[in-house]
Amino acid sequence: MTNHDFVAISEKIQRFHRYNPLLSQYKIRFSDETILKEIENFIKLLKIDKNNAKETAQHISELFIEYTIPFAILIEDLEIIKDYLIRNVCTEEDESEDVVDFFNALKNYAGYFFLKHDVEHFEAVESGHFKEKLLYSIHNKWQHWLIDAIKNENMEEFPLTDGDSCPFLFALDYPESKMICHELNICDYLKKTHHKLHELAITFAYLFIRQHYKSAYIVFYQIKEYNEKLLNLVSILYFNAQINRHQTFKNYLYHQTFHQNKLYVAIFDIFSMKEINKLHTPKVGDKVIELVGETLNSVYLENQGSMVYTKGISGDFYILFENCSLESIKKIEHAFDETLKKMLAKSPHLPKFIVKKAFLKLDEPLIIEKDEMAVIFSYLKKKLKENGTVQYLISSDEQKKMTEWVNDYYWQITKLKEAMEKGKVEIFLQPISYMERIDRTYAFEVLARIEENGNFIPAGAFIDLFIEMKMVSKLDFLVLDRILYHSEMIRSITGKLFINVSASTLLDSNYIDKLIEAIRGPLIGTEIIVELTEQELLESLGLIIRLNQEHGIIFAIDDFGTGYSSLQTVIQLAEEGVIRYLKIDGSLTQSFENSLSTQRILKIISEMSQSLNLETIIEFVETENQCYELATYNIDYGQGYHLGKPQSIPELEKRTKANLYSI
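Below you will find a few notes about this structure.

Conventions adopted
Residues numbered from 1 in each chain as written. Predicted model: local features only at pLDDT ≥ 70, side-chain atom pairs only at ≥ 80, totals over all residues. Heavy atoms only, no water. Helix = DSSP H or I, 4+ residues; strand = E, 2+ residues; numbered from the N terminus. Buried < 20%, exposed > 50% of the residue type's maximum accessible area, 1.4 Å probe, protein only. Areas by Shrake-Rupley, 256 points an atom, 1.4 Å probe, with all protein chains shown as cover. Lys, Arg positive; Asp, Glu negative; His and termini not counted. Charge placed at Lys NZ, Arg CZ, Asp CG, Glu CD. Salt bridge = Lys/Arg side-chain N within 4 Å of Asp/Glu carboxyl O. Contact = heavy atoms within 4.5 Å. Axes fitted to C-alpha atoms, helices over the stretch in contact; angles between N-to-C directions. Parallel < 35°, antiparallel > 145°, perpendicular 65-115°, else oblique. Left-handed = near helix turned anticlockwise from the far one by under 90°. Nonpolar A, V, L, I, M, F, W, Y, C, P; charged D, E, K, R; others polar. Pairing = 2+ DSSP bridges. 1 Å grid on protein atoms, 1.4 Å probe; cavity = no way out; pocket = protein on both sides within 12 Å on 5 of 7 lines; lining within 4 Å. Points joined across faces, edges and corners; volume = space filled by probe spheres on them. Phe/Tyr/Trp six-rings, centres within 6.5 Å; stacked < 30°, edge-to-face > 60°. Expected span 1.5 Å × (residues − 1). Arc of directions from axis to C-beta. Polar contact = N/O pair within 3.5 Å; in protein donor to acceptor, adjacent residues only side chain to side chain.

Remarks on the overall build of the protein chain
- Within the protein chain, the regular secondary structure consists of 29 helices and 15 strands.
- Overall, the C-alpha framework of the protein chain stretches about 135 × 60 × 50 Å when taken along its three principal axes.
- The buried share of the protein chain, reckoned over its 663 residues, is 49%.
- Counting only carbon and sulfur atoms, one obtains 49% of the accessible surface of the protein chain, whose full area is about 33100 Å².
- Of the charged side chains in the protein chain, 73 are positive and 98 negative, and the gap between their average positions amounts to 3 Å.

Description of the pattern of salt bridges
- Here the structure, examined in full by the defined rule, presents 22 salt bridges.
- In this structure, Glu176 engages Arg245 in a salt bridge whose closest nitrogen and oxygen atoms are separated by 2.8 Å. Here Arg245 lies in helix 12 (residues 245-256) and Glu176 lies in helix 9 (residues 175-184), a separation of 69 residues in the sequence.
- Assessed through its relative accessible area of 4%, Glu176 is described here as buried.
- Assessed through its relative accessible area of 13%, Arg245 is described here as buried.

Comments concerning the environment of Ile13
- For Ile13, the location among the structural elements is in helix 1 (residues 3-19).
- The buried category is assigned to Ile13, whose relative accessible area is 1%.
- Separated by 481 residues in sequence, Ile13 and Thr494 place their C-alpha atoms 101 Å apart.
- With residues near it in sequence (within four places) discarded, Ile13 still touches Ile39, Ile43, Asp77, Ile80 and Ile81.

Description of unusual backbone geometry
- At Asn323, a position not held by glycine, the phi torsion is positive, near 45 degrees.
- With respect to the helices and strands, the residue Asn323 is situated in the loop between strand 3 (316-322) and helix 15 (326-345).
- Taking the relative accessible area as the measure of exposure, Asn323 reaches 56% and is therefore exposed.
- Despite not being glycine, Phe620 shows a phi value in the positive range, around 65 degrees.
- Counting through the fold element by element, Phe620 comes out in the loop between strand 13 (615-618) and helix 28 (624-630).

Considering the packing of helix 6 (residues 93-120) against helix 7 (residues 134-151)
- Closest axis-to-axis distance for the helix 6/helix 7 pair is 10 Å, and the angle between their directions is 135 degrees. Between helix 6 and helix 7, the crossing angle belongs to the class labelled oblique. In this structure, helix 6 meets helix 7 at a crossing whose hand is left-handed. Each of Leu115, Lys116, Val119 and Glu120 in helix 6 lies in contact with helix 7, whose residues at this interface are Ile147, Ile150 and Lys151.
- Residues belonging to the contact of helix 6 with helix 7 are distributed by class as follows: four nonpolar, no polar and three charged.

Remarks on the pairing of strand 4 (residues 355-362)
- Burial runs high along strand 4: seven of the eight residues are buried.
- Taken together, the eight bridges between strand 1 (residues 263-270) and strand 4 define a ladder with antiparallel strand orientation. Along strand 4, the bridge assignment pairs Phe268 with Lys357.

Describing empty space enclosed by the protein
- Tallied over the full model, the rule gives three cavities of 30 Å³ or more.
- Lining the largest cavity are Phe122, Trp142, Gln143, Leu146, Ile147, Phe220, Ile223, Lys224 and Asn227.
- Every element with two or more residues in the lining of the largest cavity is listed here: helix 7 and helix 11 (213-243).

Remarks on the packing of aromatic side chains
- Counted according to the given criterion, the structure contains 29 aromatic pairs.
- Considering the side-chain rings of Phe102 and Phe103, the 5.4 Å spacing of their centres and the 90 degrees angle between planes classify their relative orientation as edge-to-face. The residues Phe102 and Phe103 share a single accessibility class, namely buried.
- For the pair Tyr318 and Phe377, a centre-to-centre distance of 3.9 Å together with 20 degrees between the ring planes defines the contact as stacked. In this pair, Tyr318 sits in strand 3 while Phe377 sits in helix 16 (residues 374-386), placing the two residues 59 residues apart along the sequence.

Remarks on the sheet that holds strand 1
- Overall, mixed pairing links the five strands, which are arranged 2-3-1-4-5 in an open sheet. Sheet topology places strand 2 (307-311) and strand 5 (390-393) at the edges, where each strand pairs with a single neighbour. Going across the sheet, the axis of each strand differs from the next one's by a mean of 15 degrees, ignoring polarity.
- Two elements, strand 1 and strand 3, share seven bridges in a ladder whose sense is antiparallel. What sits directly across from Leu263, in strand 3, is Glu322.
- Docked against the sheet, helix 15 engages strand 1, strand 2, strand 3, strand 4 and strand 5, running at close to 165 degrees with respect to strand 4.
- Sheet strands in contact with helix 16 are strand 1, strand 3, strand 4 and strand 5, and its direction is about 55 degrees off that of strand 1.

A few points about helix 22 (residues 509-520)
- With 12 residues, helix 22 ought to run about 16 Å at 1.5 Å a step, and its terminal C-alpha atoms sit 16 Å apart, in line with that.
- For helix 22, the complete set of buried residues consists of Tyr511, Ile512, Leu515, Ile516 and Ala518. Angular distribution of buried residues about the axis of helix 22 spans 160 degrees; they occupy a single face of the element. Along helix 22, the residues that are exposed and aim more than 90 degrees away from the buried face are Asn510, Glu517 and Arg520.
- Lining the buried residues of helix 22 we find helix 19 (472-485), strand 9 (496-500), helix 21 (503-506), strand 10 (527-533) and helix 24 (541-551).
- At the N-terminal end of helix 22, a side-chain oxygen is found 2.8 Å from the backbone nitrogen of Asn510, two or three residues along, and the residue is Asp508.

In structure tokens form, the structure reads like this:
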């Protein structure tokens, strides 16, 4: 070749780089004088020798890789050089054939070096903690098999299977996979992408083994694109399910009741999480939940083909078993118990606890709506409270019993909503009496009642429903409305009134404004004491102190004595005058007569209260003997059916006027 040829070829390549509209985004990089100079030097040193094609290809490939220029551009540049040589330099047909053979070999080996570079710098698509999930881990293993086989140039290391034989496809039929695919309805698309990858991998292997590197590299590039699509899609599926896994689980359970004949739904519930939190700290409770979750997950990993689970709100886990025999389920339960026992042995700092379990067989589609699936879990929780640590609800009429319970459950919800909407809430007052003179009343506690057909049902019977329906604050507002309605009669009955208010309601400035307005207006002269449970008070500490400092509201700790609180905090609140009363939990009243431990607890509470100038009220006083015994503990006041049952305000006003109560 002459200098004229070198210049002509360089100009053709330069024009291709600069003016091809498809390459406009690379314009600056490709028009760089350095790369053009390197290509020009390559042309000048070019020797048409097929035996030298691999070495020549390595040199030009490394140059293009260094400047991150795509493989397709190199192929086009080589094509430009080849075409020019054939048209303008070769004088004989044999020379043209040698040029064609050489450049075909050159392009083929260029594919080899680009492939080796991409494989050496291959980075698997990572997706945080989702990489441990089943679909992700199976495919991740597959892609690493392929990469390692290419690196070692031994495709026999790579399992050449069609899509139908791949574990990934089988895993798509596992409950977890169906659950996450069902939510976005893209199982079919995932299968097609997976099959396409296997087809491409088989094609790649065929080409690579036969040293068709150029074509193999082009196929490998497609594999990378489909691989990234698949793994990104899987990650999106897991993420979508994870952000609201509880709802995703319920939706899938609802769907499966119409498509599976053999289903079991189960609850694993840490017995008495409230007590664990009370007796220790929330952090300890969290550790217990975490340990149970890890135990369940370890069992799940061994049984992914037949089960899927989700964590509930607090200490409860819900499980769905598909195409699984009762015998297999019992083995899984046993494995869970054994694993938990071993894990607890490694965590001696955690309190002792048990996990109650209930299994319900579902033989037919449910008659409830998708959004109401949580009621099944409520039913199982109720069954756990009845008896035993393990229940298998598998008889033919168990689902019928659940259906009846569900119907009753929703009837209650309907009635409650109706009562709340129509304001069918009334208040009764229960006396709090002096323990030294039980015939004298110190104060009254306001108790909410739901009116139904002329009867009044204690709101406490529905408190879990109120919480679940997020209607506790609504109830608090209605109770305050009834207090204001009866304010004149209340003032004639008592000068002290204890009312229960949820911490969430106290966060509502409208409620606080209404309460303060009532205290300074219709209820003036009546001291209002707000009752909060230990947990609510301690979790809303800043709010409680502010309400006391800004508005002078006095608080009583309800259900005191089960050990939840930090005593240091109670002492601080007592010294600052934020709390004035401790209401001793009624469970202590029920057990103290036969329990030395309870007697010691009562004595400690009494002595501590006296030292802090706190007044004590003990609940659930129901017998004369309890009154007699409790009097020896220096407890100030008592409350319970033996001292006085809740009564309507009109009844109490009549009795007050008749001097039946000494206020």
